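Summary of structural features
Given next are the chains, with one letter for each unit.
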Amino acid sequence: ECDEYSAWSPRLCAIANRAAEAWKITSDRFELPVNVAVLRCPKDCANANDLVDRIDQLLDIPDRAGNRHVFYATDFVADKKREDASIAEALERSIRTGTPELRYQPVHSVADGGTIAVEALLCLRMGEDRLIRQHDVIRIAERIGVTQRLAHAFLERSLRWYASSGAEAYGVRRLEVRLLESKCLEQDWDESILEILASTGVDPSRLCLEIAESVVANVPNELARGMARLESKGVAFALDDFGSGYTDLRSVIDMPFPVVKFDKRIVHTGLSSDKGRRLLEGTARLFRDLGRIIVAEGIETQEQADAMTAMGFDYLQGYRFGRPCGETEIVVLLAADRTSGDSRGNPPL
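1. Some thoughts on the overall build of the chain
From N to C terminus, the chain includes 15 helices and 13 strands. Partitioning the intrachain contacts of the chain with sequence separation of at least 6 by distance along the chain shows that 65% fall at a separation of at least 24. Carbon and sulfur atoms make up 50% of the accessible area of the chain, which amounts to about 18100 Å² in all.

Right under this line is the structure:
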């Protein structure tokens, strides 16, 4: 079996290498990213259903496996369909009871040296020691058709926390919340958001709605109309996950995104080589010249923080400044951050 696998290895490498090059068709050149999965039956997959289950996971594998061209059986989650069914059941229950579980992560200001905003993140508890992250919660919600209900519960719960937590007293000027794509497809979705703001008593200027690149690409007209009205009321917008490959710069420039959040993948890739660093620096400079506020996500080390600061990023977010934590824990973290900031002589946030 090892000999058979070794015989395939050069072919897989050739495919991966060829995919990394630009393809020339007539006078145009195209880059076609390709991922190759190696699955062997019956060793890796017991039957056809097992094989289909793993094929369904291919789109999500890069987020878990990292920047690789070839994926192996060990990168897949066994019995994923059954697991997704369990997650769907728990998600339905949390929406029905109005108790989606949230985590909050600080956003660090380079200029002030402390937390300037907090991002609310969806999660779902499965058992005592396991949390399903936001990406997977949204994926399951889309699959079972509950994203509109989830979006409403998500926004309302996070705003109620902000209003009652005292976070503003610790210098948190804005709460950042992901706007789900299905929300933008609702008629008068902007009015719905204003109603939630009114019911929670939060000033619209304290809310920053994060919009993923995919939403900009898929529903530009509905999005632009609602954004214009909400912006007139004081709501801010941030383009989230920039660099994930869904939109072009013109789409970003044409819409009122005062804040652009660089996806952690483009940040980490940019810091991995001289060529990547130049590209990252050039893109950051472009947005700065356009008057945009730029945020670097996925900052895990002081070395990364220093590099992003040198490139002119305004805000940094990642484990270096705090992991996502619960409603009580984030307030403790904010208080500690404020105290350390005062001891350093930083200006009030």
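2. A short note on the environment of Val110
Structurally, Val110 can be placed in the loop between strand S5 (101-109) and strand S6 (114-125). Taking the C-alpha atoms as reference points, Val110 and Val295, 185 residues apart in sequence, are found 10.0 Å from one another. Beyond its immediate stretch of four places on either side in the chain, Val110 contacts Thr309, Phe313, Asp314, Tyr315 and Leu316.

3. Observations concerning the nonpolar core
The nonpolar side chains of a soluble globular protein tend to be buried with one another. Counting 76 residues, the largest nonpolar core has Met308 and Phe313 as the members making the most contacts within it. With 7 residues, helix H6 (residues 147-165) is the single largest residue contributor to this core. Sequence-distant contacts of Met308, defined by excluding residues within four places in its chain, comprise Val267, Leu271, Leu280, Ala296, Ile299, Phe313 and Leu316. Core analysis: the next-biggest nonpolar cluster, separate from the first, contains 9 residues, Val107, Ala236, Ala238 and Tyr315 among them.

4. Here's the deal with the side chain of Ser94
Positionally, Ser94 belongs in helix H4 (residues 80-96). The contact partners of Ser94, leaving out residues within four places of it in the chain, are Thr99, Pro100 and Leu124.

5. Some remarks on the pairing of S5
Counting buried positions along S5 gives 8 out of 9 residues, so the element sits mostly inside the fold. Sheet topology note: the S5/S6 ladder contains 9 bridges and is antiparallel. Pairing of Glu101 across the sheet is with Cys123, part of S6. Hairpin connection from S5 to S6: 4 residues lie between these consecutive antiparallel strands, with Gly113 at a positive phi of about 75°. Bridge count for S5 against strand S13 (residues 315-316) is 2 bridges, and the pairing is antiparallel.

6. A word on the packing of aromatic side chains
Evaluation of the coordinates by the stated rule reveals 5 aromatic pairs. The interplanar angle of 90° and the centroid separation of 5.1 Å between the aromatic rings of Phe242 and Phe287 together place this pair among those described as edge-to-face. Residue Phe242 is found in strand S10 (residues 236-242), and its partner Phe287 is found in helix H13 (residues 274-289); the two are separated by 45 residues along the sequence. An identical accessibility class is assigned to Phe242 and Phe287; each is buried.

7. A word on the pattern of salt bridges
Side chains that differ in sign of charge can pair as their charged atoms come close. One pass over the structure, following the stated rule, counts 18 salt bridges. The residue Arg149 makes a salt bridge to Glu92 at a minimum N-O spacing of 3.6 Å. Taken together, the residues span a long stretch of sequence, with Arg149 in helix H6 and Glu92 in helix H4 at a distance of 57 residues. Each of the salt bridges in this network shares a partner with another, and the network as a whole consists of Glu119, Glu176, Glu210, Lys261 and Glu297.

8. Details of helix H14 (residues 302-310)
Gln304, Ala305, Ala307 and Met308 are the residues of H14 that are buried. The buried residues of H14 occupy an angular sector of 165° when the element is viewed end-on, so they sit on one face. More than 90 degrees from the buried face of H14, the exposed residues found are Glu303 and Ala310. For H14, the elements touching its buried residues are helix H12 (264-270), H13, strand S12 (293-296) and S13. In the stretch just after H14, Gly312 is the one whose phi turns positive, near 95°.

9. What to know about the pairing of strand S8 (residues 174-178)
On any regular strand, side chains alternate: one points to one face of the sheet, the next to the other face. The buried fraction of S8 amounts to 4 of the 5 residues, a majority that puts the element mostly inside the structure. Across 4 bridges, S6 lies against S8 in parallel orientation. Note that in S8 the partner of Ala117 across the bridge is Arg174. As paired elements, S8 and strand S9 (residues 207-212) share 4 bridges and run parallel to each other. Bridging across to S9, Leu175 finds its partner in Leu207.

10. Notes on the confidence of the model for the chain
In this model, the chain carries a mean pLDDT of 82, and residues with pLDDT of at least 70 account for 82%. Averaged pLDDT values over the elements of the chain bottom out at 59 in helix H1 (residues 2-19) and peak at 97 in S13. The low-confidence segment residues 343-349, where pLDDT is below 50, has 14 contacts with residues more than four positions distant or belonging to other chains.

11. What about the side chain of Glu176?
Relative to the helices and strands, Glu176 resides in strand S8. Those residues in contact with Glu176, other than ones at most four positions away along the chain, are Val107, Ala117, Val118, Glu119, Ala120, Cys208, Glu210, Lys261 and Gln317.

What counts and how
- Residues numbered from 1 in each chain as written.
- Predicted model: local features only at pLDDT ≥ 70, side-chain atom pairs only at ≥ 80, totals over all residues.
- Heavy atoms only, no water.
- Helix = DSSP H or I, 4+ residues; strand = E, 2+ residues; numbered from the N terminus.
- Contact = heavy atoms within 4.5 Å.
- Areas by Shrake-Rupley, 256 points an atom, 1.4 Å probe, with all protein chains shown as cover.
- Core = buried A, V, L, I, M, F, W, Y, C linked by side-chain atoms within 4.5 Å.
- Buried < 20%, exposed > 50% of the residue type's maximum accessible area, 1.4 Å probe, protein only.
- Pairing = 2+ DSSP bridges.
- Phe/Tyr/Trp six-rings, centres within 6.5 Å; stacked < 30°, edge-to-face > 60°.
- Salt bridge = Lys/Arg side-chain N within 4 Å of Asp/Glu carboxyl O.
- Arc of directions from axis to C-beta.
- pLDDT = per-residue confidence, 0-100.

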